[in-house]
Amino acid sequence: MSFTRPRQEGNAGSRRDGADRENGADGANGRSTEELTERTGLMSRGAAQRDGHAGGNGRVDREKLKRGAAEVPISVVGWLDERAGMSPTLRAMLYRKVPKGTNWFYTLGSATMFAFVSQAVTGIFLAMYYDPSPVKAYESIGYITNEAFAGELVRGMHRWGSSVMVILVFMHMARTFFFGAYKYPRELNWLIGVVLLVLTLAMGFTGYLLPFDQRSYWATVVGVNIQTSAPFIGPYVADFLRAGPDFTATTLPRFYSLHMLLIPGLIGGLIGAHLYLVMRHGTTAPPWLRAEKKPELAREEI
Amino acid sequence: MADTSTKKRSPYAGDRGLPGAYDGETVTRRRLFEVGSMAAGGVAGAAIGLPVLGFALGPILTDQTPGDWKDVGPEEDFTPDTYVPKVMSVAAGIGEAGKTTIYVRKFNPRIDNALGPKDTQKVTPYIVITTRCAHLGCPVRFVQASQRFICPCHGGVYDGLGQVISGPPVRPLDRFYTRVERGRVLVGDRFSLDSQLNRFPNVRDPSQHLDGLWKYVYPGRPTT
């Protein structure tokens, strides 16, 4: 695996690439047959070790087998990397430099992403039992909570996780604001982050209706009516959300579709863009760190 | 590209030094295929995108009012002096959530002629008031002792005509069209009113002002 052992394998990889380009398919083929014989050799030795176990000659072979087994994941990843060529990208991503003073506050972004992944995973499994029809929704939630195995746990994770995600988003935003990490050249990432914040809140809003009890019904009625009070576009936004001027049988499936397909898709795509920009610009140093000046420059300034 | 300011650009691709240009060509093959594949992609994208968009946004553009009349009881059930609560179905297929309470009383010339247009008695021989608060849509309740409609959510208070007395609501409670047929009271579509009880032809959402210039800030639906 080239990116787990960057120094040796990185060089070997580039040399191999060069050889492949010169020799065509032969270089790669020659190498893999070599590996293959080595591995079959290992296997037959392993077989011999099993047979010879009673004979008492297993110790040396077991050591070799261990070493061979340790090579297997490396050769598998090597095989993949030879074909996908992802290691330079992954190395740039995972081994990038971070500024001095990087601290726990910098983990809030990945914590938020973990919350999103957790919501996505639990949501997928809740969707296996949930029925978004207005007459069945409440019943199916009851089934998930009271009867399905671990349903209460999974639903609880999704329900509380949504609040956790909103809190983490705000903490992440506060960190970015107070550390000045929104400044040039990272303004675009701030803008994407704001859209992600709005989408996260939209997830909370659309998800709140789905249990379809009295509380979620009236909360949604009030929530949609708050949106109608936006000048000019408000009435149309509300009609889009309710699928008409009144809350009808089509409103709940519409919220369900927004909640589990449209908005998560947008969030996923925007998280990709958000991360790309983080890779591109790197993170900022905390504001309490000053750049170290060269002494001669400092003298000039005085 | 740089010399376009002074010289007239030659129409022939070959004269502009474009790679792969043949004599007498005005568009190179490469350019033609670029534009062509983009146009094909655009057509394919529109063929998928427009119907889907129309499907999702359709409810804004189509008329969704039920347009039917529901029987709420015989005329003898109602008096001109006080409201009688009735439960009426307004949205089919969602069970209890599709039902709403309405408050019904007979038209009372003594109090109902003071405000609003002249034909109020004609279109609403029975005054039917919705329980949907004009603030954010919570259900209001009529309190007999004080003859007031009171909203539990944010403290909106309306008088016996449904006009705002206190609290955050921005306009009177909506009403329903009514008519009488063979001694039965029929209730039709809901409509909204401004503070002078002038009818608006369609129903507006709660929290939308309808007085003065406000009615342009919150436009009605294109269908009604």
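Every chain's residues receive numbers from 1 upward, in the order its sequence appears when written. Chains and ligands are labelled by the order in which they are written, letters from A for the one and numbers from 1 for the other. In keeping with the model being predicted, local features are shown solely for residues with a pLDDT of at least 70 and side-chain atom pairs are shown and tallied solely at 80 or more, while totals for entire chains, interfaces and linings include all residues.

1. Description of the overall build of chain B
Next, step 1: Each helix corresponds to a stretch of at least 4 residues labelled H or I by DSSP, and each strand to a stretch of at least 2 residues labelled E; elements are numbered beginning at the N terminus. Across its full length, chain B holds four helices and 11 strands.
Next, step 2: For chain B, whose C-alpha radius of gyration is 30 Å, the value lies well above the compact-globule estimate of 17 Å for 224 residues.
Next, step 3: Seen through its principal axes, chain B has C-alpha atoms that stretch 95 × 35 × 35 Å.
Next, step 4: Partly exposed residues are those whose C-beta has more than 12 but fewer than 20 other C-beta atoms within 10 Å; 20 or more makes a residue buried and 12 or fewer makes it exposed, with C-beta atoms placed from the backbone. Taking all 224 residues of chain B together, the buried fraction comes to 24%.
Next, step 5: Contact between two residues is assigned when their C-beta atoms, built from the backbone, lie within 7 Å. Look at the contacts in chain B between residues 6 or more apart in sequence, and 42% of them connect residues 24 or more apart. Our radius of gyration is a C-alpha quantity, and the globule rule it is checked against amounts to 2.2 Å times the number of residues to the power 0.38.

2. Some thoughts on the overall build of chain A
Next, step 1: Within chain A, the regular secondary structure consists of 12 helices and zero strands.
Next, step 2: Its helices and strands in sequence order give chain A the pattern α-α-α-α-α-α-α-α-α-α-α-α, from N to C terminus.
Next, step 3: Here chain A holds 302 residues, and 22% of them are scored as buried.
Next, step 4: Within chain A, contacts between residues at least 6 apart in sequence are counted, and of these 69% link residues at least 24 apart.

3. Things to note about the sheet that holds strand E8 (residues 164-166) of chain B
Residue and element names in this part refer to chain B.
Next, step 1: For two strands to count as paired, DSSP must find a minimum of two bridges between them. Pairing is antiparallel in the open sheet, where four strands are placed in the order E5-E6-E7-E8. Two strands close off the open sheet at either side, each with one partner strand: strand E5 (141-143) and E8.
Next, step 2: Two strands pair when backbone bridges link them, and strand E6 (residues 148-150) and strand E7 (residues 157-158) are joined in this way by two bridges, in the antiparallel orientation. Paired with Ile150 across the strands is Val157, a residue of E7.

4. Some details on the domain arrangement of chain B
When the parts come together, some accessible area is lost, and that loss is often what is quoted as the size of the interface.
Next, step 1: Note that the domain bounds were set by an automatic or database domain assignment. Under the domain assignment used here, chain B contains domain 1 (14-61) and domain 2 (70-217).
Next, step 2: Just the C-alpha atoms count here: the centres of domain 1 of chain B and domain 2 of chain B sit 55 Å apart.

5. Structural notes on the interface of chain B and chain A
Next, step 1: Taken together, the contacts link 25 residues of chain B with 25 residues of chain A.
Next, step 2: Here the side of chain B that touches chain A takes three residues from helix H1 (residues 29-61) of chain B, the largest share from any one element.
Next, step 3: Residues were grouped as follows: Ala, Val, Leu, Ile, Met, Phe, Trp, Tyr, Cys and Pro as nonpolar; Asp, Glu, Lys and Arg as charged; and all remaining residues, including Gly, as polar. When the residues that make up the side of chain B that touches chain A are grouped by side-chain class, the tally is 16 nonpolar, seven polar and two charged.

6. Notes on the environment of Ala97 of chain B
Next, step 1: By the element assignment, Ala97 of chain B lies in the loop between strand E2 (84-89) and strand E3 (99-106).
Next, step 2: Leaving out residues up to four positions away in the same chain, Ala97 of chain B has contacts with Pro134 and Tyr217 of chain A.

7. Things to note about helix H10 (residues 234-242) of chain A
Next, step 1: Among the residues of H10 of chain A, Gly234, Pro235, Ala238, Asp239, Leu241 and Arg242 of chain A are the ones counted as buried. One side of H10 of chain A holds all its buried residues, which, seen down the axis, span an arc of 165°.
Next, step 2: Tucked into the core, H10 of chain A has its buried residues touching helix H9 (214-228) and helix H11 (251-281) of chain A together with H1 of chain B.
Next, step 3: Following H10 of chain A by one or two positions, Ala243 of chain A has its phi on the positive side, about 60°. Along the arc lie the directions from the helix axis toward the C-beta atoms.

8. Notes on H9 of chain A
The α-helix advances 3.6 residues per turn, and as a result positions three or four apart in sequence lie on the same side.
Residues and elements named next belong to chain A.
Next, step 1: Taking 1.5 Å of rise per residue, the 15 residues of H9 would be expected to cover 21 Å, and the 21 Å separating its terminal C-alpha atoms lies within 8% of that figure.
Next, step 2: Along H9, the positions that sit buried rather than exposed are Ser216, Tyr217, Thr220, Val221, Val224, Asn225 and Thr228. Around the axis of H9, the buried residues are gathered within 165° of arc, so they sit on the same side.
Next, step 3: The secondary structure elements touched by the buried residues of H9 are helix H8 (187-209) and H10. Expected span of a helix: the number of residues minus one, times 1.5 Å.

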